[in-house]
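One-letter residues, chain by chain:
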Amino acid sequence: GDSVTQMEGPVTLSEEAFLTINCTYTATGYPSLFWYVQYPGEGLQLLLKATKADDKGSNKGFEATYRKETTSFHLEKGSVQVSDSAVYFCALGADYKLSFGAGTTVTVRA
Amino acid sequence: DVKVTQSSRYLVKRTGEKVFLECVQDMDHENMFWYRQDPGLGLRLIYFSYDVKMKEKGDIPEGYSVSREKKERFSLILESASTNQTSMYLCASSFPFGQGSNQPQHFGDGTRLSIL
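Okay, so let's go over this structure. Numbers given for residues are sequential positions, taken from 1 along each chain in its written order. For naming, the first written chain is A and the first written ligand is 1, with later ones following in the order written. In view of the model being predicted, local features appear only for residues whose pLDDT reaches at least 70, and side-chain atom pairs are presented and counted only at 80 or more, with totals across whole chains, interfaces and linings using the full set of residues. The side-chain values count all of the structure's non-hydrogen atoms but skip hydrogen atoms and water molecules.

### Describing the side chain of Ser49(B)
Residue and element names in this part refer to chain B. Under the convention used in this document: Here a helix means four or more residues in a row that DSSP labels H or I, a strand means two or more in a row labelled E, and each is numbered from the N terminus. Under the rule applied, a polar contact is a pair of N or O atoms within 3.5 Å (in protein, one hydrogen donor and one hydrogen acceptor; residues adjacent in sequence only if both atoms are side-chain atoms). Should any heavy atoms of two residues lie within 4.5 Å, those residues are counted as being in contact.
With respect to the secondary-structure elements, serine 49 resides in strand β5 (residues 42-49). Here methionine 54 takes part through its backbone oxygen, which lies 2.6 Å from a polar atom of the side chain of serine 49. Here arginine 68 takes part through its side chain, which lies 3.0 Å from a polar atom of the side chain of serine 49. Every residue in contact with serine 49, bar those within four places of it in the chain, is listed here: Glu30, Asn31, Met32, Met54, Lys55, Arg68 and Phe74.

Below, the structure is given as structure tokens:
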């Protein structure tokens, strides 16, 4: 079945550091890929998405490129801020269903 | 902006009780979903609904049921609560499948349920 594997955390960074969170997927067909973010005490918010191979999703300085050849959708940000501290989830959308990774907790220190 | 509202942020119930979790969305979305979130497991789909009075089982439906009597409201029911149902429960909604690519889901803030 469809599944998502993302790098385990927690990840701790200093402000202005480069962030990358690896995400790989297994799927039949042509899924859409998403990154969601969950800030403390809140539900999940859509961060970015890509719907086909080579698409790049971007939002709030975050980027991810849908790589069919490596079945990956890694999340990157060039210079993180304390406000980026959150849990990040990679998700695969096929038919009606979203399949989520386990989540990666990111803490950014001032 | 889409607003998905869950009726309670925190709830404490006892083993064997019947528990209702309520969710309301204001964007006229056809699809609604219930997930549970547990550390290290991500989100797992319990049930979803693609129309009023319609429901489909997700990955972990055992011990749960749902009700969708109105388009904007989707209820999760724990028929007889057990301690292993202590978790964070998240409701989500989206436009219907088939409108182009997969539609993103919009989430509520969650209900943290403790079963004692």
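### Notes on the environment of Ser14(A)
Residue and element names in this part refer to chain A. You can see serine 14 is positioned in strand β2 (residues 11-14). In this structure the C-alpha to C-alpha distance between serine 14 and tyrosine 66, which are 52 residues apart in sequence, comes to 27 Å. Excluding its chain neighbours within four sequence positions, the residues that come into contact with serine 14 are Val80, Val108 and Arg109.

### Topic: the nonpolar core
For the record, the criterion: Nonpolar core, defined: a set of buried Ala, Val, Leu, Ile, Met, Phe, Trp, Tyr and Cys residues in which side-chain atoms within 4.5 Å join the residues together. Accessibility here uses a 1.4 Å probe with only protein chains present; expressed as a share of the type maximum, an area under 20% marks a residue as buried, one over 50% as exposed, and anything in between as partly exposed.
Core analysis: the largest hydrophobic core is formed by 27 residues, its most contacted members being Trp35(A), Phe73(A) and Tyr88(A). When residues of this core are traced back to their parent elements, those giving at least two are β2, β3 (19-21), β4 (23-26), β5 (32-38), β6 (44-50), β8 (62-65), β10 (86-94) and β12 (104-109) of chain A. Considering each element in turn, this core owes the most residues, 5 residues, to β10(A). Beyond its immediate stretch of four places on either side in the chain, Tyr88(A) contacts Gln6(A), Ile21(A), Trp35(A), Tyr36(A), Val37(A), Leu47(A), Phe62(A), Leu75(A), Gly103(A), Thr104(A) and Val106(A). Counting 20 residues, the second largest nonpolar core, distinct from the first, contains Val4(B), Leu11(B), Cys23(B) and Leu76(B).

### Comments concerning the interface of chain B and chain A
Quick reminder of the rule: The term buried area denotes the loss of accessible surface (1.4 Å probe radius) that occurs when two parts are joined, taken as the sum for both partners. A carboxyl oxygen of Asp or Glu within 4 Å of a side-chain nitrogen of Lys or Arg is what we treat as a salt bridge. Under the grouping applied here, Gly and all other residues not named as nonpolar or charged are polar, the nonpolar ones being Ala, Val, Leu, Ile, Met, Phe, Trp, Tyr, Cys and Pro and the charged ones Asp, Glu, Lys and Arg.
Chain B puts 21 residues into the contact, and the matching count from chain A is 22 residues. Between chain B and chain A, roughly 1700 Å² of surface is buried when both sides are summed, and carbon and sulfur atoms account for 55% of that area. Seen at the junction of chain B and chain A, the total is 0 salt bridges. Joining chain B to chain A, the criterion identifies 4 residue pairs in polar contact (both at pLDDT 80 or more). Of all elements in the fold, only β4 (31-38) and β5 of chain B reach the threshold of two or more residues within the side of chain B that touches chain A. Partitioned by chemical class, the residues of the side of chain B that touches chain A number 10 nonpolar, 8 polar and 3 charged.

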